[in-house]
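Coordinates in review
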Amino acid sequence: MNPQNKPCCEKCIDRKRAIKLLGNEDAFWSRTKGITSGCIEWQSTLDNKGYGVLTLNGRQWKAHRIAKALSGEFVPHFLASDHLCKNTKCVNSEHIELVMNAENVMRGKSFAVENANKTECLNGHPFSKYGGIRNYRGKIWRFCKECKKLQKRIYYARNRKTN
């Protein structure tokens, strides 16, 4: 991380840069609306995933990242914004936590998260800590050792040479 908490590239943003891009802070907050859940929803343009966006100096910025910067927090380009409220329109900086992308993915709902949280195979055998195999790209694929042993026994029984 940048030790001075200063923007290291054009994607990083802090309060000073956010205000410079916006002109004034009221221009940003005039596009929002508070709702009963405590969220402050973005009322202007949304991207295809439902996140608020605004265009400043010809570049699109995520509204929640600008809001986090306006709250006084440094927003580096390599951290993902996790909406703790799960409302993609929310720009309340208290509802947004800056985390690494892998952690953000694991907090969400996807097949990858569901599979990572599984502790046993479809046959009910527990996954072993070391029950994995590397593929040609170096990714480790999890498998059940008991089911693998059974597969091998069946394979060798079918392919046994008879003399």
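Below: a short report on this structure. What you see is a predicted model; the values in this text were computed from it and never measured.

Tallied over the entire structure, the rule returns 3 aromatic pairs. On the numbers, 5.0 Å between centres and 35° between planes, the contact of Phe-28 with Trp-42 is tilted. Of this pair, Phe-28 sits in helix 2 (residues 25–29) while Trp-42 sits in strand 2 (residues 40–42); the two residues are 14 residues apart in sequence, bridging distant segments of the chain. Comparing Phe-28 with Trp-42 shows no difference in burial state: the two are buried. Judged by centre distance (5.4 Å) and plane angle (75°), the rings of Tyr-155 and Tyr-156 are edge-to-face. Judged by relative accessible area, which is 51%, Tyr-155 ranks as exposed. Judged by its relative accessible area of 54%, Tyr-156 falls in the exposed class. The rings of Phe-28, Trp-29 and Trp-42 are connected pair by pair, giving a single aromatic cluster. The lysine or arginine in question, Arg-59, covers the ring of Trp-61, its NZ or CZ lying 4.2 Å from the ring centre.

Looking now at the pairing of strand 3 (residues 53–56). Looking at chain direction, strand 3 and strand 4 (residues 59–62) are connected through 4 bridges and run antiparallel. What sits directly across from Leu-56, in strand 4, is Arg-59. Hairpin connection, strand 3 to strand 4: the antiparallel pair is bridged by 2 residues, and Asn-57 has positive phi, about 55°.

What follows is about unusual backbone geometry. Even without glycine at this site, Asn-57 takes up a positive phi of about 55°. Tracing the backbone through its elements, the reader meets Asn-57 in the loop between strand 3 and strand 4. With a phi angle near 65°, Lys-86 is a residue other than glycine that sits in the positive phi range. The residue Lys-86 is located in the loop between strand 5 (80–83) and strand 6 (96–99) in this model. Lys-86 sits in the exposed class, given a relative accessible area of 53%.

On to the nonpolar core. A general trend in soluble globular proteins is that nonpolar side chains are found buried together. Counting 18 residues, the largest nonpolar core has Ile-13, Leu-22, Phe-28, Leu-54, Leu-56 and Ile-66 as its most contacted members. Those elements giving two or more residues to this core turn out to be helix 1 (15–22), strand 3 and helix 3 (63–70). Of the residues forming this core, the biggest block, 5 residues, is contributed by helix 3. Residues within four places of Leu-54 in sequence aside, it is in contact with Leu-22, Phe-28, Arg-31, Trp-42, Arg-59, Gln-60, Trp-61, Ala-63 and Ile-66.

Turning to the packing of helix 1 against helix 3, a few remarks are in order. Between helix 1 and helix 3, whose axes approach to 7 Å, the crossing angle comes to 120°. It follows that helix 1 is oblique to helix 3 by the angle criterion. Where helix 1 crosses over helix 3, the handedness of that crossing is left-handed. On helix 3, the residues that touch Arg-15, Ala-18, Ile-19 and Leu-22 of helix 1 are Ile-66, Ala-69 and Leu-70. Considering only residue class, the contact of helix 1 with helix 3 consists of 6 nonpolar, no polar and 1 charged.

Parameters at a glance
- Residues numbered from 1 in each chain as written.
- Predicted model: local features only at pLDDT ≥ 70, side-chain atom pairs only at ≥ 80, totals over all residues.
- Heavy atoms only, no water.
- Phe/Tyr/Trp six-rings, centres within 6.5 Å; stacked < 30°, edge-to-face > 60°.
- Helix = DSSP H or I, 4+ residues; strand = E, 2+ residues; numbered from the N terminus.
- Buried < 20%, exposed > 50% of the residue type's maximum accessible area, 1.4 Å probe, protein only.
- Lys NZ or Arg CZ within 6 Å of the ring centre and 35° of its normal.
- Pairing = 2+ DSSP bridges.
- Core = buried A, V, L, I, M, F, W, Y, C linked by side-chain atoms within 4.5 Å.
- Contact = heavy atoms within 4.5 Å.
- Axes fitted to C-alpha atoms, helices over the stretch in contact; angles between N-to-C directions.
- Parallel < 35°, antiparallel > 145°, perpendicular 65-115°, else oblique.
- Left-handed = near helix turned anticlockwise from the far one by under 90°.
- Nonpolar A, V, L, I, M, F, W, Y, C, P; charged D, E, K, R; others polar.

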